[in-house]
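# Examining the three-dimensional arrangement
Chain residues, written in single-letter form:
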Amino acid sequence: MKPLFLAFYRKLEETDMRFKRYLKGQIDWNNRLIAITGARGTGKTTMLLQHIKEHYGNNPQDVLYTSLDNIYFSINNLYSLADDFYSFGGKELYVDEVHKYPTWAQEIKNIYDDFPKLKVVFTGSSMLQIFKADADFSRRVRHYQLYGMSFREFLIYEGLLNKSQESFLLEEILENHISISQQLTREFTPLPAFQKYLQYGYYPYYQEDINGYGERVLQTFNTIIESDLPNVENVDFYSINRIKKLFYILSEMVPFTPNISQLSQMVDVTRQSLMNYLQLLEKAHSVLLLKQKATGIRQMVKPEKIYLQNTNYSYALSAENPETGNLRETFFFNQVQQNHKVIYNEQTDFCVDGKYYFEIGGKNKSTKQIKDLSNAYLALDGLTIGYRNEIPLWLFGFLY
């Protein structure tokens, strides 16, 4: 156990406390069993270490953080570690990368049951099936999901916005967008910052190397598909190659209204396999699937449109600048879907929560398409401050 503590203390010493992700303040850290899932590179590990450092300092004795991809676990198991740690007075165990450990669900469940005074917090891939692992286990765990940075967080990370600036509810933006925009634009100039965010602001690691950021985004995708996916789902090498091929085909066509038969021929798989691959890409936070409102078995029908999951993917995959309309719609969908249900609508680009209708476009877009709809809005790029139901697109980056 000593090598794990030494590695843990080194990580704590190096943990930067200046910027904290939105989810950190939303987690009830008092729960005995907490699960945090999210895409690779969104900052799960840093968030855990920040919480520990903030509350227990740089060398706590009764708190331990470890990652299950550590070589220690090639000859030791998690349950035995918890047993030893608990015997020496351990109170809180933070476990990273559980999807790398085949028996994580059973062992964490046993730890929860056998050591009633030990709190366990664990993180894993966004594809992790927390609630399919074990019905009894799922009733015990409090689950949170971490997404990439919002435009609001990017501004704070860049030092352009005060750290105390909180997010807004969707209803607040719809009702008070003019006054909110006026307040925010006293602090920063939104449009240049917005263009930077679209290109490189979604993953916190962009500051390490902006010039090489696009390449790292693609490396992150490859790691998710080649490493994380096989650890979570029963996927063979053939399927991995086909999933990657599908992703790259989609990247050249988004926003894509799919012809499933044609697309399955292009990828050289069956229709059912293609549908399964799309679901896996969605779970991996690599694509966004815009679907019709549906329940039960109807949810398995093909999506009406497919987008890349965030605009940074678009820039990383595009030899030239991505298509502007695609970037606008992708940004809106990505930011809004974190806390709201976004579905397909024949008359407008998006329907949100079944009652709000949005058309996305440039600042000169007319209201003709939504004039007969109630609760209908234009989300417009190029606007600093809106007017009536015309809302600056960038403002939807303040929802989380």
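All residue numbers refer to position in the chain's written sequence, counted from 1. Whole-chain, interface and lining totals are the exception, using all residues; otherwise, since this is a predicted model, local features are given only for residues with pLDDT of at least 70 and side-chain atom pairs are given and counted only at 80 or more. Think of the side-chain values as coming from all heavy atoms in the structure, minus any hydrogens and water.

## Thoughts on the sheet that holds strand E1 (residues 33-38)
- With parallel pairing, the five strands of this open sheet are ordered in space as E2-E3-E4-E1-E5. Edge positions in the sheet fall to strand E2 (63-67) and strand E5 (142-146), since each has one partner strand and no second. Pairwise comparison of adjacent strand axes, ignoring direction, gives a mean angle of 15° for this sheet.
- Here E2 pairs with strand E3 (residues 92-96) via five bridges, running parallel. Residue pairing for E3: Ser67 is matched across the bridge by Asp96.
- Here helix H3 (residues 78-87) sits on the sheet and contacts E2 and E3; the angle it forms with E3, its principal contact strand, is near 155°. Paired strands, as defined in this entry, are two strands with at least two bridges between them according to DSSP. Strands are runs of DSSP state E lasting at least 2 residues, helices are runs of H or I lasting at least 4, and numbering of each runs from the N terminus. Convention adopted: a line fitted to C-alpha atoms gives each axis, helices being fitted over their contacting stretch, and angles between N-to-C directions are expressed from 0 to 180 degrees. Here, two residues are considered to be in contact whenever any of their heavy atoms come within 4.5 Å of each other.

## Let's talk about the pattern of salt bridges
- For this document, the term salt bridge refers to a Lys or Arg side-chain nitrogen within 4 Å of an Asp or Glu carboxyl oxygen. The full count for this structure, using the stated rule, is 19 salt bridges.
- A salt bridge links Arg40 to Asp228, with the shortest nitrogen-to-oxygen separation between them at 2.6 Å. One end of the pair, Arg40, is in the loop between E1 and helix H2 (44-56); the other, Asp228, is in helix H10 (residues 213-232), and 188 residues separate them in sequence.
- Residue classification places Asp228 among the buried positions, given a relative accessible area of 3%.
- Across the pair Glu233 and Lys283 runs a salt bridge, and its minimum N-O distance is 3.5 Å. In this pair, Glu233 is assigned in the loop between H10 and helix H11 (237-251) and Lys283 in helix H13 (residues 271-283), connecting sequence segments 50 residues apart. For every residue, the accessible area obtained with a 1.4 Å probe (protein chains only) is divided by the maximum for its type, and the residue is called buried under 20%, exposed over 50%, and partly exposed between those limits.

## What to know about the nonpolar core
- By nonpolar core we mean a set of buried residues, namely Ala, Val, Leu, Ile, Met, Phe, Trp, Tyr and Cys, connected to one another through side-chain atoms within 4.5 Å. If you look at the biggest cluster of nonpolar residues, it comprises 130 residues, and the most contacted ones within it are Phe151 and Phe396.
- Per-element tally for this core: the top contributor is H10, with seven residues.
- Non-local contacts of Phe396, meaning those with residues more than four positions away in its chain, are made with Leu170, Ile173, Leu174, Phe331, Phe332, Gln335, Val336, Phe358, Ala379 and Ile391.
- One finds Ile343, Ala376, Leu378 and Leu380 within the second-largest nonpolar core, a separate group that totals eight residues.

## Details of unusual backbone geometry
- For the bond running from Val254 to Pro255, omega is -10°, close enough to zero to count as cis.
- Here Pro255 lies in the loop between H11 and helix H12 (260-267).
- Positive phi values are uncommon outside glycine, yet Asp353 reaches one of about 55°.

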